Each structure stands twice: as structure tokens, then as C-alpha cells.
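Residue-level structural notes
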Amino acid sequence: MKIHVINGPNLNMVGKRDPSIYGSLSYAEIIEKIKKWSNSQNLEVEFFQSNHEGEIIDYIQSLPDEDGIVINPGAYAHYSYSIRDALETFKGPKVEVHLSNIFKREEFRARSVISRVCDGVISGLGWYGYILGIEYIMETKK
Ligand code: DQA
């Protein structure tokens with residue numbers, strides 16, 4: 001059983017992209033932190049980032065239901081019914097994560113079309129949200 005940390009568009013630009021909102025760590029530094037923590041827990045975590053909707057869908061479709069997903073869909077959270085549908089078909093545990101608190105920002109960000117097909121949403125806790133999402137999946141898989 002593997003946990004997949006999926007990141008959508010522009011998340012490869014964090015660190016450079018509005019650090020007052022997304023924090024000063026780069027994407028590579030966030031991945032490093034998650035890797036370090038998951039290694040300490042003996043967990044197998046795989047990372048995928050894409051700026052393309054279809055690639056994210058192909059990746060989700062390739063996963064067995066025995067696995068788990070932690071996904072930060074970026075702006076796709078607000079309008080991608082195709083990613084929503086791909087996630088609905090995946091039957092393993094899935095958690096939606098946002099670095100920023102999407103409920104505290106522009107109105108269009110407060111709505112996610114993904115949330116209803118996820119077990120839960122973690123928003124506003126920065127990179128730590130990914131760790132919490134992984135922990136939840138480990139608990140449900142016990
Ligand atoms: C984000 C929030 C989205 O609204 C935004 O488009 C992103 C990042 C977050 O992690 O806070 O790209 O998903």
C-alpha cells in the first residue's frame with residue numbers, strides 16, 4: 001500500500017509564489033520534509049506534480065484502490081469536475097489539502113468541487129497539512 005501525494009498546477013512554484021500566502025519553502029523543500037517524516041514512519045510515499053489536468057487524471061486512474069491519496073489540486077479544486085470524477089472512482093482514502101486557508105481568501109477559492117468526494121479537507125496549515133493527511137490515511141488503513 002502506497003500513499004500518493006499529488007500536487008496540481010503552480011504548486012511547483014511555491015517559495016517564489018506569494019510567500020506570505022504559501023510560505024517560503026520551495027516545492028522541493030516541502031517534498032523533502034514529507035519524505036523525511038514518512039521515512040521515519042517507514043511509509044512508502046510517492047510524489048506527483050503536474051500543471052496539466054489530464055496528467056493528474058491519468059495518474060489518479062492508474063492507482064489501485066488499496067492505495068491512498070493526499071491531493072492539493074491547486075486552482076483545479078475550484079472548477080475541475082474531471083479531477084473530481086476521477087477521485088470519485090478511486091475508492092481508497094483521499095484527503096484534500098491546501099497550503100493556504102481557502103476560506104479566508106477570495107470568494108472563488110472558498111468553494112471546492114473536490115471536497116465532496118474526499119474523506120476530508122485540510123486547509124491553511126501549510127506543508128504540515130500533507131503530513132496530517134498521510135497520518136489520517138495510515139490510521140484508516142490499520
Ligand atoms: C492552493 C489554493 C488554491 O486556491 C490556489 O489556486 C493554489 C494553491 C493552496 O494550496 O492553498 O494553487 O491549493
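Below: a short report on this structure.

Criteria and thresholds
- Residues numbered from 1 in each chain as written.
- Predicted model: local features only at pLDDT ≥ 70, side-chain atom pairs only at ≥ 80, totals over all residues.
- Heavy atoms only, no water.
- Near = heavy atom within 4 Å.
- Polar contact = N/O pair within 3.5 Å; in protein donor to acceptor, adjacent residues only side chain to side chain.
- Areas by Shrake-Rupley, 256 points an atom, 1.4 Å probe, with all protein chains shown as cover.
- Nonpolar A, V, L, I, M, F, W, Y, C, P; charged D, E, K, R; others polar.
- Helix = DSSP H or I, 4+ residues; strand = E, 2+ residues; numbered from the N terminus.
- Buried < 20%, exposed > 50% of the residue type's maximum accessible area, 1.4 Å probe, protein only.

**Brief notes about the site of the ligand**
Lining the immediate environment of the ligand, one finds Pro9, Arg17, Tyr22, Asn72, Gly74, Ala75, His78, His98, Leu99, Ser100, Ile102 and Arg109. Here an oxygen atom of the ligand sits 2.8 Å away from a polar atom, N or O, in the side chain of Asn72. Take His78: an N or O atom from its side chain is 2.7 Å from an oxygen atom of the ligand. For the ligand, whose unbound accessible area comes to 320 Å², protein coverage reaches 99%. For the shell around the ligand, the residue count by class is 5 nonpolar, 5 polar and 2 charged.

**Looking at unusual backbone geometry**
With phi around 75°, Asn10 is a residue other than glycine that occupies positive phi space. Relative to the elements of secondary structure, Asn10 occurs in the loop between strand E1 (3-7) and helix H1 (19-22). With a relative accessible area of 40%, Asn10 lands in the partly exposed category. If you check the backbone angles, Asn42 has positive phi at about 60° while not being a glycine.

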